[in-house]
Amino acid sequence: MSLSDEQLVLYERDGIIPQLSFISREEALALASRHGDFEHACIEHLGEIHWFKTYLLSRWIFELVTRPLILDYMEDLLGPNLLLWGVDMFYKPPHSERFTAMHQDSTYWGLEPADGLVNAWIALTPSTVANGCLRLLPCSHQRGQVDHTNEFEKNNVLVHGQSAAGYDLEEASPVELEAGQMTIFHLHTVHGSGKNTTAQLRLGLAVRYIRPEVRQVGRRDSALLVRGEDKCGNFDHELAPAREFDKRAVEQFTAAMARPSGAGNSGGIDGLDKQRADAGHGRAFHNVESSGV
Ligand SMILES: O=C(O)CCC(=O)C(=O)O
């Protein structure tokens, strides 16, 4: 057991375990400084900066999110068999207006049941109220799926421009993290984050683990087995990258992005990109703005 009984009770009650130790501050900052190389490699191999399913491209990201300690935490919450389904790179450059509207991750992912997925948000730089740390609404996971509206606001980083109807960023609890700490939260937890008012980058990885019993509604999806075994066969098994952006990894990523689960019922990635273009926005799952690392 890596999580204490108190932490397990907290997760059950609040849907959130706010500040957990993971790696040292020095190591986190050293990894954050590799983000520039990640962006350059994205441009070299894929023509644009990506932030979705990054563990399929980068060996260091894959190794970080499969360390025994984080998998132990996940095992305490999900059981002995674990699949890795997502690692999203969320960054806010210095003095950035980018924000994440209040939302539930369950809204467009098509994964059921909701308690079969746990999120871990890892801070690679300090994450503070001033630079737009994650804000989460305790106990909101107990409400089940709530209604969302889609508005494609200019600086909302969410790909559908979604926001949970009637929820305000200010009412959620800010969770400040040291570089190297992480926050765990439930798939139904309503959360978001504000803009970065500082001169420092805010960079974090949002990691999504599922148990093999989880199903993707409506179509076939893929995930990577990271602990135990998968006797359910609900997901095609992905392979870890052997090195940064090796050829097979890039091909696998490209195939996964042709059918991203986050596109929901928008007619796949092309349908979603068209909706975004009609609303005057750039393509989904790409970052036009560099992190500046
Ligand atoms: O890092 C952020 O600003 C938002 C993260 C988020 O929405 C998520 O982890 O699902």
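Structure's up top.
Note that the structure is predicted; figures quoted are calculated from it, not measured.

Caption draft 1: Structural detail: the sheet that holds strand β11 (residues 181-186). Strand order in the open sheet formed by seven strands is β1-β11-β6-β13-β3-β15-β16, and the pairing between neighbours is mixed. Each edge of the sheet is formed by a strand with only one pairing partner; in this case those strands are β1 (16-21) and β16 (235-237). Taking each pair of neighbouring strands and ignoring which way they run, the sheet shows an average axis angle of 35°. Relative to β16, strand β15 (residues 221-227) is paired through three bridges, and the arrangement is parallel. When the sheet's bridge partners are listed, Asp-221 is paired in β16 with Phe-235.

Caption draft 2: Up close: the sheet that holds strand β7 (residues 134-136). Strand order in this open sheet of four strands is β4-β12-β7-β10, and the pairing throughout is antiparallel. The open sheet has two edge strands, β4 (100-103) and β10 (173-174), and neither has a second partner. Judged from the two bridges that link them, β4 and strand β12 (residues 191-193) form a sheet pairing that is antiparallel. Bridge pairing links His-103 to His-191 in β12.

Caption draft 3: Focus on the pairing of strand β13 (residues 202-210). Counting buried positions over the nine residues of β13 gives nine, a clear majority of the element. Neither face of β13 is left uncovered, since the one carrying Arg-202, Gly-204, Ala-206, Arg-208 and Ile-210 and the one carrying Leu-203, Leu-205, Val-207 and Tyr-209 both have all their residues buried. Summarising the sheet, strand β6 (residues 117-123) and β13 pair through seven bridges and their orientation is antiparallel. By the bridge assignment for β13, Val-118 is matched with Tyr-209.

Caption draft 4: Structural context of helix α7 (residues 247-257). If you check which residues of α7 are buried, you get Ala-249, Gln-252 and Phe-253. Angular distribution of buried residues about the axis of α7 spans 100°; they occupy a single face of the element. Along α7, the residues that are exposed and aim more than 90 degrees away from the buried face are Lys-247 and Glu-251.

Caption draft 5: Broad picture of the nonpolar core. Of all hydrophobic cores here, the largest spans 72 residues; its most connected members are Val-65, Met-74, Leu-83, Ile-122, Leu-124, Leu-205 and Tyr-209. It is strand β3 (residues 82-92) that provides the largest number of residues to this core, a total of eight residues. Met-74 has contacts with Leu-82, Val-118 and Tyr-209, leaving out every residue within four places of it along the chain.

Caption draft 6: Structural view of unusual backbone geometry. With an omega of -5°, the peptide bond running from Glu-112 to Pro-113 counts as cis. Assignment of secondary structure puts Pro-113 in the loop between β5 (111-112) and β6. Here the phi dihedral of Cys-139 falls at roughly 75°; this positive angle occurs in a residue that is not glycine. Structurally, the position occupied by Cys-139 is in the loop between β7 and β8 (148-150). Judged by the 13 C-beta atoms lying within 10 Å of it, Cys-139 is partly exposed. Residue Phe-245 is not a glycine yet carries a positive backbone phi of 55°. Within the secondary structure, Phe-245 is located in the loop between β16 and α7. Residue Phe-245 is classed as buried on the basis of its 20 C-beta neighbours within 10 Å.

Conventions we followed
- Residues numbered from 1 in each chain as written.
- Predicted model: local features only at pLDDT ≥ 70, side-chain atom pairs only at ≥ 80, totals over all residues.
- Pairing = 2+ DSSP bridges.
- Helix = DSSP H or I, 4+ residues; strand = E, 2+ residues; numbered from the N terminus.
- Axes fitted to C-alpha atoms, helices over the stretch in contact; angles between N-to-C directions.
- Buried ≥ 20, exposed ≤ 12 C-beta atoms within 10 Å, placed from the backbone.
- Arc of directions from axis to C-beta.
- Core = buried A, V, L, I, M, F, W, Y, C linked by C-beta atoms within 7 Å.
- Contact = placed C-beta atoms within 7 Å.

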